[in-house]
Structures are given as structure tokens and as C-alpha cells.
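# Understanding the architecture of this molecule
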Amino acid sequence: DAGVTQSPTHLIKTRGQHVTLRCSPISGHKSVSWYQQVLGQGPQFIFQYYEKEERGRGNFPDRFSARQFPNYSSELNVNALLLGDSALYLCASSTPPGQVNTEAFFGQGTRLTVV
Amino acid sequence: AQRVTQPEKLLSVFKGAPVELKCNYSYSGSPELFWYVQYSRQRLQLLLRHISRESIKGFTADLNKGETSFHLKKPFAQEEDSAMYYCALNGIYNQGGKLIFGQGTELSVKP
């Protein structure tokens, strides 16, 4: 089992540009969540998707959007990049909501640098 | 508001010493609490959850609803315990992916 995979691993973008980050969940997991981790801080919840529907959204501007595909992979999109968007973006997959002992499994993350 | 606070950014102990990583939370209902760990160059992974009431790698954590705390403890620290530790809260039972994290505590165990 390859675990949760994210691509790319590193990315450098210019202010104002758009970025798309990708995540493939563990086989059998239908729920995908996205987190932003700024240096020196804990991960901050951005979105959760389950069965292609948004199930939760953190306190992030509308420049952040996401979607989930029929194969349960997911994309996180950020428009009009700001310097403050520079962070490690983590994807986590988990078993369906409501199951006993559901657990979030994290990917290695995508390091985004905005210059 | 839901919040997790880890007051110590860095905790440094000697091998064999007891360890306690503090975690306090703010949540009006019955939260589900976790400790996640990130070893050097590895991904974030679950260490333990309060519901399981188990000991993992010698670590235990007890949920104290009166003090709204979920401190992580180990009686004898080992060098391989050196890592970043994050306390996390899930405000909706068994939702898995909607976690609220503290800022993390770096544990350094010296030989």
C-alpha cells in the first residue's frame, strides 16, 4: 500500500499565479481532507470531501477551492497566490465518517513557496 | 470556538527521564482527542486516541474533561522518541478528517 500520495512535492510560484495540488487517497478511503501548515505551526484544516461532496470548510478565503473525483482523488486549487500562502499543504485520507475508530492518514505534503 | 493549545514549543529531557507534553482544548461538546507524531523526514502519523485508552510506544494520555486537558505522558523517555508531537481535536465524532491541531511540541531526548 503506497499510502496517501501527493504531487508535486515542491513548487515555486509567483504572486498572483494559480496553483493546483493533487492527492491520491489510500485505496478504499473515500474521504479526503486538506490542511495548510505554516512553518512553526500545526496543520490548519482547509477542506474535507466525502463522496465528491464538500463536508467541511475551514476559515480560508474563497481563493481556496477543492474538488474530489469519482476515483476519490482530490485537487486543491489556490488562485491569486499571496506570499502568505507559502506553506506545506497536507492531504489526509480516512475511512468514511461514522465508522468506529476512523483515522486520518497523511501524505508527505506539497511544499509551496510563493515569491 | 474549538481550539487546541500546546503551551510548550520545545521540551528537552534526558534519556530515562519522565516526559509530559501538555495539551489543553476548548470545545463545548464531547470531543474526540488524538496525539499525532512526526518523526524526522517522515509523515504525520497517529500515535494514540483517547477513545482507545491504550499505550503506544510507552505513551499514554488521559482525557480530563474537568481540566479540558489531554496531556501525553511517558515514564522513561528514549532517544527515538525525539519528534514533533501534535495534539488534535475532532469536534464531530468519527469524522476522521476534520482535525483541529495545536501548534505542536518538539520533544528532544538527549543521551
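Everything quoted here is computed from the prediction, not taken from an experiment.

Looking only at helices and strands, chain B has zero helices and eleven strands in total. For chain B, the succession of helices and strands along the chain, N to C, is β-β-β-β-β-β-β-β-β-β-β. On C-alpha atoms alone, chain B measures out to a radius of gyration of 13 Å, which is about the 13 Å that the 2.2 N^0.38 rule sets for 111 residues. Taken over the C-alpha atoms alone, chain B extends approximately 40 × 30 × 25 Å along its principal axes. By the burial criterion, 46% of the 111 residues in chain B qualify as buried. Counting contacts in chain B only where the partners sit at least 6 residues apart, residues at least 24 apart contribute 58% of the total. When the accessible surface of chain B is summed, it comes to about 5400 Å², and 49% of that surface belongs to carbon and sulfur atoms.

Secondary structure assignment for chain A yields zero helices and eleven strands. Listed N to C, the secondary structure of chain A is β-β-β-β-β-β-β-β-β-β-β in terms of helices and strands. The C-alpha atoms of chain A give 13 Å as radius of gyration, which agrees with the globular expectation for 115 residues (13 Å, within 12%). Counting only C-alpha atoms, chain A reaches 40 × 25 × 25 Å along its principal axes. Within chain A, the proportion of its 115 residues that are buried is 51%. A separation of at least 24 residues holds for 52% of the contacts in chain A among residues at least 6 apart in sequence. Roughly 5300 Å² of accessible area belongs to chain A as shown, and the carbon and sulfur atoms make up 50% of that amount. Averaging the coordinates of the 10 positive side-chain charges in chain A and doing the same for the 8 negative ones gives two points 7 Å apart.

A word on the sheet that holds strand E7 (residues 64–68) of chain A. Two orientations exist for strands paired in a sheet by backbone hydrogen bonds: parallel and antiparallel. All names here are of chain A. Spatially, E1-E3-E8-E7 is the arrangement adopted by the four strands of the open sheet, whose pairing is antiparallel. For this open sheet the edge positions go to strand E1 (5–7) and E7, each flanked by a neighbour on one side alone. Pairwise comparison of adjacent strand axes, ignoring direction, gives a mean angle of 15° for this sheet. Bridge count between strand E3 (residues 19–24) and strand E8 (residues 74–78): five bridges; the pairing is antiparallel.

Before going further, it helps to spend a moment on the state of the cysteines. Residues and elements named next belong to chain B. If you walk through the whole model with that rule in mind, you get two disulfides over all chains. The partner cysteine of Cys-23 in its disulfide is Cys-87, sulfur to sulfur 2.0 Å. Its torsion about the S-S bond being -65°, the disulfide of Cys-23 and Cys-87 is classed as left-handed. Highlighted residues: Cys-23 in the loop between strand E3 (19–21) and strand E4 (24–26) and Cys-87 in strand E9 (residues 83–90), separated in sequence by 64 residues.

Criteria and cut-off values
- Residues numbered from 1 in each chain as written.
- Chains lettered and ligands numbered in written order.
- Predicted model: local features only at pLDDT ≥ 70, side-chain atom pairs only at ≥ 80, totals over all residues.
- Heavy atoms only, no water.
- Helix = DSSP H or I, 4+ residues; strand = E, 2+ residues; numbered from the N terminus.
- Rg over C-alpha atoms; globule rule 2.2 N^0.38 Å.
- Buried < 20%, exposed > 50% of the residue type's maximum accessible area, 1.4 Å probe, protein only.
- Contact = heavy atoms within 4.5 Å.
- Areas by Shrake-Rupley, 256 points an atom, 1.4 Å probe, with all protein chains shown as cover.
- Lys, Arg positive; Asp, Glu negative; His and termini not counted.
- Charge placed at Lys NZ, Arg CZ, Asp CG, Glu CD.
- Pairing = 2+ DSSP bridges.
- Axes fitted to C-alpha atoms, helices over the stretch in contact; angles between N-to-C directions.
- Disulfide = S-S within 2.5 Å.

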